[in-house]
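Listed below are the residues making up each chain.
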Amino acid sequence: MNIYDVSEHAGVSIATVSRVLNGNANVSEKTREKVLKVMDDLGYTPNVFARGLGLNTMQTIGIMCSDSSDPYLAGAIYYLERGLRSHNYDAILCCTGYDLDAKQKYFELLRSKRVDAIILAGSKFVEMRSKDNAYITEAAADLPIMLVNGYLEGDNIYSTVCDDHAAMFGAATQLLQAGRRRILYLYTSYSYSGVNKLEGYKDALKAFGVEPKDELIHQCPKDIGASKELLLSLREQGLSFDAVMTSDDSLAVGTVKYAHEAGISIPEELNIIGYNNSILSRCTDPEITSIDSKVEALCTTTINTLMGVFSGVNVPSRTTIASDLIKRKTTNF
């Protein structure tokens, strides 16, 4: 029993059966009911492989992320899979780590499974050197590539990004307006998102006539303990700062721990701003002011864009979403 039998018994084309299986709205309710009744009468239950053979689609999307234990990426995976299920698509998830060879290996694994598209969750999949992104741009000739908060230019590549530069610029501006001038910045990486955040911080300082200082800009592993120890070390070296901005909430949690250990009052002596508005921002005392990078909106928009691609609708290659600053108790502006 296959799709051709359903088509023959229902007196409709294979394409119409395909639309019914895919939930396409361009099928009348009468025809849909007729096709579904024939499927029921014949005992026809399409599976992922039958769909791939009969309809040139596996109804399956590949998702790649670098680290599923990361709160931001864990949330992204949840929202992406939820969105795909709502459109009757399955998902295959690959957690790649950060090594380029591993990313390429898993990317080719997903392609070998004949997925209908690949979603790259997070900005760590866009490399600094163009040649290291060639495996992505070349694959886009065969299937849509979707980037969540990463940007890569190319045909059949679609990016949904948070305006990280504007987010960091706006948050730093509020600190500067409140009189903070020694704003220390902690970041985790030079990814697409990471670079935009750092530039937003620097540009805000310059707008207030404050020259960014290397002594106040530090890279740190995405680890609570590591950020606390780094700040304690900087304090011992005599570095002074009256605010800390971080590229991730985990670093902001470490900053709160640092302040407690050093006997520094928050927010009177030290303002702290995190990034992503993750659950971590609400797990400290005081709770952390954090930039909401709208992970749910990013993922929902990515899925809607992908469905538009599948339907042949003209969709933008890049969509930008604005962030919000969620003010809590680590700031007093």
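Thresholds applied
Residues numbered from 1 in each chain as written. Predicted model: local features only at pLDDT ≥ 70, side-chain atom pairs only at ≥ 80, totals over all residues. Heavy atoms only, no water. Helix = DSSP H or I, 4+ residues; strand = E, 2+ residues; numbered from the N terminus. Buried < 20%, exposed > 50% of the residue type's maximum accessible area, 1.4 Å probe, protein only. Contact = heavy atoms within 4.5 Å. Pairing = 2+ DSSP bridges. Axes fitted to C-alpha atoms, helices over the stretch in contact; angles between N-to-C directions. Salt bridge = Lys/Arg side-chain N within 4 Å of Asp/Glu carboxyl O. Domains from an automatic or database assignment. Parallel < 35°, antiparallel > 145°, perpendicular 65-115°, else oblique. Left-handed = near helix turned anticlockwise from the far one by under 90°. Nonpolar A, V, L, I, M, F, W, Y, C, P; charged D, E, K, R; others polar. Core = buried A, V, L, I, M, F, W, Y, C linked by side-chain atoms within 4.5 Å.

Asks: Is there a simple way to think about the overall build of the protein chain in this case?
Replies: Counting its regular elements, the protein chain contains 12 helices and 12 strands. Along the three orthogonal principal directions, the C-alpha set of the protein chain runs to about 80 × 40 × 35 Å. Residues classed as buried in the protein chain amount to 52% of the 333 residues present. Expressed as a percentage of contacts within the protein chain between residues at least 6 apart in sequence, the contacts between residues at least 24 apart total 71%.

Asks: Would you explain the sheet that holds strand β5 (residues 157-162) in this entry?
Replies: For sheets, the rule is that strands pair by backbone hydrogen bonds, running either parallel or antiparallel. Pairing is parallel across the open sheet formed by six strands, whose spatial order is β2-β1-β3-β4-β5-β11. Pairing within the sheet leaves two strands with one partner each, and these edge strands are β2 (90-95) and β11 (318-321). Here the strands of the sheet are splayed against their neighbours by 15° on average, with no regard to which way each runs. For β5 and β11, the ladder comprises four bridges, and the chain directions are parallel. Note that in β11 the partner of Cys162 across the bridge is Ile321. Along the sheet, helix α6 (residues 100-112) contacts β1 (60-65), β2, β3 (117-121) and β4 (145-148); its crossing angle with β1, the most-contacted strand, is approximately 175°.

Asks: What is the right way to look at the pattern of salt bridges in this model?
Replies: Pairing of side chains with opposite charge becomes possible as their charged atoms draw close. Enumeration over the complete set of coordinates arrives at 14 salt bridges. Members of the salt-bridge network, linked through shared partners, are Asp70, Lys222 and Asp248.

Asks: What exactly am I supposed to notice about the sheet that holds strand β6 (residues 183-187) here?
Replies: Strand order across the open sheet formed by six strands is β7-β6-β8-β9-β10-β12, with mixed pairing between neighbours. The strands lining the two open edges of the sheet, one partner per strand, are β7 (217-219) and β12 (324-326). Between one strand axis and the next, the sheet turns by 20° as a mean value, whatever way the strands run. Where β6 meets strand β8 (residues 243-246), four bridges bridge the pair, whose relative direction is parallel. Bridge pairing links Ile183 to Ala243 in β8. Sheet strands in contact with helix α11 (residues 249-262) are β6, β8, β9 (271-275) and β10 (289-292), and its direction is about 155° off that of β9.

Asks: It is not clear to me how the domain arrangement of the protein chain should be interpreted in this structure. Could you clarify?
Replies: Along its sequence, the protein chain is carved into domain 1 (1-53), domain 2 (58-161 + 293-321) and domain 3 (163-292). Taking the mean C-alpha position of each, domain 1 and domain 3 sit 56 Å from one another.

Asks: When you look at unusual backbone geometry in this model, what are you seeing that I'm missing?
Replies: Excluding glycine, residues mostly carry a negative phi; peptide bonds, for their part, are mostly trans. Cis geometry marks the peptide bond from Ile266 to Pro267, where omega comes out at 5°. Tracing the backbone shows Pro267 in the loop between α11 and β9. Residues other than glycine seldom take positive phi values, yet Asn88 does so here, at roughly 65°. As for its position among the elements, Asn88 is in the loop between α5 (71-86) and β2. Of the residues examined, Asn88 reaches a relative accessible area of 46% and is grouped as partly exposed. Positive phi, close to 65°, is recorded for Asn156, a residue that is not glycine. Among the secondary structure elements, Asn156 is positioned in the loop between β4 and β5. Of the residues examined, Asn156 reaches a relative accessible area of 23% and is grouped as partly exposed.

Asks: Help me out: how do you make sense of the packing of helix α1 (residues 3-10) against helix α3 (residues 29-42) in this one?
Replies: Where α1 contacts α3, the two axes come as close as 9 Å, and the packing angle between them is 120°. When the axes of α1 and α3 are compared, the pair comes out oblique. Once α1 is placed against α3, the crossing between them reads as right-handed. Where α1 abuts α3, its residues Asp5, Val6, His9 and Ala10 lie against Lys34, Val35, Val38, Met39 and Leu42. In terms of residue class, the contact of α1 with α3 is built from six nonpolar, one polar and two charged.

Asks: Could you clarify how one ought to interpret the nonpolar core in this entry?
Replies: Soluble, globular proteins show a tendency: their nonpolar side chains are buried together. Ranked by size, the top nonpolar core spans 67 residues in total, and within it Leu184, Tyr201, Phe241 and Met245 carry the most contacts. Top contributing element to this core by residue count: helix α12 (residues 295-311), with seven residues. If you count residues domain by domain, this core takes at least three from each of domain 2 (58-161 + 293-321) and domain 3 (163-292). Other than its neighbours up to four places away in sequence, Tyr201 contacts Met168, Ile183, Tyr185, Leu216, Ile217 and Met245. Formed by 19 residues, the second largest nonpolar core is a distinct cluster that contains Cys94, Leu147, Leu152 and Ile157.

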